[in-house]
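Coordinates in review
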Amino acid sequence: MSSGNEAAGRLSKFKNKGKDVAELRRKMTEMNVELRKAKKDEQFLKRRNVCSAPDEATSPVQNKSQFKKATEYWTIDEIVMGVNSDSLEEQLQAVKAARKLLSRQRDPPIDEIINSGLVAKLVGFLGVVVCPSIQFEAAWALTNVVSGTTVQTIPVVEAGGVPAFINLIASPYVHISEQAIWALGNIAGDSSVGRDAVIRCHGVEPLLSLLAAPDLSVYRASYLRNLTWTLSNLCRNKFPPIPLFAVQQMLPTLVRMMYHDDRAVLGDICWALSYLTEGPNDRIQAVLDTGLLSRFLELLEAKELSILTPVLRTLGNIVSGTDEHVQLALDAGLLGHFPALLRHHKTSIQKETAWTLSNITAGKDSQIEEVIHAGLIPIVVDIIRQSDWRTRKEAVWAVNNYANGGNVDQITYLVQHNVLEALLNVLSSKDNELLIVTLETLANLFYAAEKSGDAEYLCEALEEFGGLEKLEMLQSHDNEMVYMGAVYMVEKYFSDNVISRLSRNSVRFGGRVTSPRSRDGPAGRAERKARELLLCRYREVGASRLGSIDPPSGCGKSPRNHVSFRFLGRSGTKVERNPDAFGPQFRVDVRVRRWCDGNARHIRATMPRLHYGWSTVKLEKEGEETGVKGVAVLL
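In short, a report on the structure. Just so we're clear, the structure is a prediction, and the values are computed from it rather than from any experiment. (Residues numbered from 1 in each chain as written. Predicted model: local features only at pLDDT ≥ 70, side-chain atom pairs only at ≥ 80, totals over all residues. Heavy atoms only, no water.)

A separate point is the environment of Asn418. When you line up the elements, Asn418 lands in the loop between α25 (408-416) and α26 (419-426). C-alpha separation for the pair Asn418 and Val381, spaced 37 residues apart in sequence, amounts to 7.4 Å. Setting aside its immediate chain neighbours within four residues, Asn418 contacts Val381 and Arg385. (Helix = DSSP H or I, 4+ residues; strand = E, 2+ residues; numbered from the N terminus. Contact = heavy atoms within 4.5 Å.)

What follows is the structure, given as structure tokens:
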């Protein structure tokens, strides 16, 4: 027994002391899964042609035998000597040796090839039309070079690789054309710079002309899949988004391919459309104008995750647009698919659906009413109770936006479905971000209840569910955002010295009378510090323009004074709320529709609400500048 106590004592000295072992193990497992998924997504973004028997290759996508004799590799110096030879045959053998090196499954020497100056030579061999073999070998080698990092891709682009590959698309040899398309897909998927280089060199037109063939069955499956995968990569990267003229150029082909019977091809096209709808609202509108919304809803019944995931992402992007975009999706019957999707056996689909729902509940109260009629609130509450923490976070966001924009009857409906108990259970989470959004949601619920006269009832319910003890524990949390959120809730609604405003306004449930708290005591100091952390103004980080915000004249005379402001900045810049702009007497409220990665698509002013702490948002581009409107209100 003593040895067990000694072991526990030793463990308590480490950094995870006091933390639940099972919870830590669960989070570690989920983090490993996320890392594996991120690695898989990176592989999807770029493809490297790896072959154990490259000598017999006739196409970069052919299956090769795994039982061939080990390949003997040339050194880099031998390859350099070979490519500089006057003999075309020796050059071919040297290029083939470079391709073999770059096709190794482990540690291909991409940097060594670049540093040796071979990239420019390989790009030059792409134009040797008298020797198709050297064109193919050079294209294959360069494809593997641009499958690396952005730093490794840039030398190929700077050496003129993009126009050289575009010329090879029209090669009479299918395997050379396919290899060139593959290389362009890697370059386009690398970054917006690579994507724009392909577009600027008119690389989209030959791809679309191939897909304009009346009968696509003339292409073998691997060729068509490489073609659509490259097209999807041309739609990637949203900072900056793909030019609108290129979107309009590609959309007719994308619409046609949305009805193709090859599921791999269909998955790539769905991803392409999901990338397009991640951009500004004019991109969303362009996709909606094609009439594909009904097709997206049909594909929500797909069994393959490779199709269902991008379709759901596309619909989530659409409802993160304007209220009109949201209404189009609702009128088409989107919510009718949500009960099954929120209960999907894959948690990733549940998470995507919950995120989509959070953008719908950020809309008008009439749209929130449609969520209620679809019977989704009990499912969302159940997700908050028992789903994985990432899905729970999105479900809490959905409730947060609901509480922010719902009317009194809708808030009452939410509370009646035990959302308070579910939210309080989340307060035991070890995830700081989840705790922060949960505390903000509780603050919004209590604010709405305070307006309707039901805050006293919520206070009593929260105490019955053990929420007060959890809030008090969070006041000693090491994260300042969590700490301040808990301090605000406890001091505003549960201090023994709180003014009896709640009881005077209580209509349905009655309340208790209390007296004003001292501004000089610990509670008063805590409230002042919390107010200093309230959202008051936006400050741009690392950008050149900041819109001015001036307090209204006579701002201390009336609690109803409002001041409007506008923030001007460049698209994609980071913005954070600045607590020092006005001082503690101002509060700001915004409602945010979020991209799938948690960033903001746009911000719009609403009625004054309580928020606390900071967050980082990225803004969509509107012409040359980004506009953000908000409202500051005196307390």
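Next up on the list: the pattern of salt bridges. Within the structure shown, the criterion is met by 10 salt bridges. Note that Asp196 and Arg195 form a salt bridge whose closest N and O atoms lie 2.9 Å from each other. The class of Asp196 is partly exposed, set by a relative accessible area of 21%. Arg225 is the partner of Asp262 in a salt bridge, and the nearest nitrogen-oxygen pair spans 3.2 Å. Of this pair, Asp262 sits in the loop between α14 (244-257) and α15 (263-276) while Arg225 is found in helix α13 (residues 221-233), placing the two residues 37 residues apart along the sequence. By relative accessible area, Asp262 is classed as buried at 13%. (Salt bridge = Lys/Arg side-chain N within 4 Å of Asp/Glu carboxyl O. Buried < 20%, exposed > 50% of the residue type's maximum accessible area, 1.4 Å probe, protein only.)

This paragraph deals with unusual backbone geometry. Between Phe239 and Pro240 the backbone carries a cis peptide bond, its omega angle lying at -5°. Residue Asp107 is not a glycine yet carries a positive backbone phi of 50°. Structurally, Asp107 can be placed in the loop between α4 (88-102) and α5 (110-115).

It is worth spelling out the packing of α14 against helix α16 (residues 281-288) at this point. Here α14 crosses α16 at 15°, and the two axes come no closer than 11 Å. As judged from the angle between their axes, α14 and α16 are roughly parallel. The crossing of α14 and α16 is right-handed. In contact with Leu244, Val247 and Leu251 of α14, α16 contributes Asp282, Arg283, Ala286 and Val287. (Axes fitted to C-alpha atoms, helices over the stretch in contact; angles between N-to-C directions. Parallel < 35°, antiparallel > 145°, perpendicular 65-115°, else oblique. Left-handed = near helix turned anticlockwise from the far one by under 90°.)

Shape is all these values report; function is a separate question.
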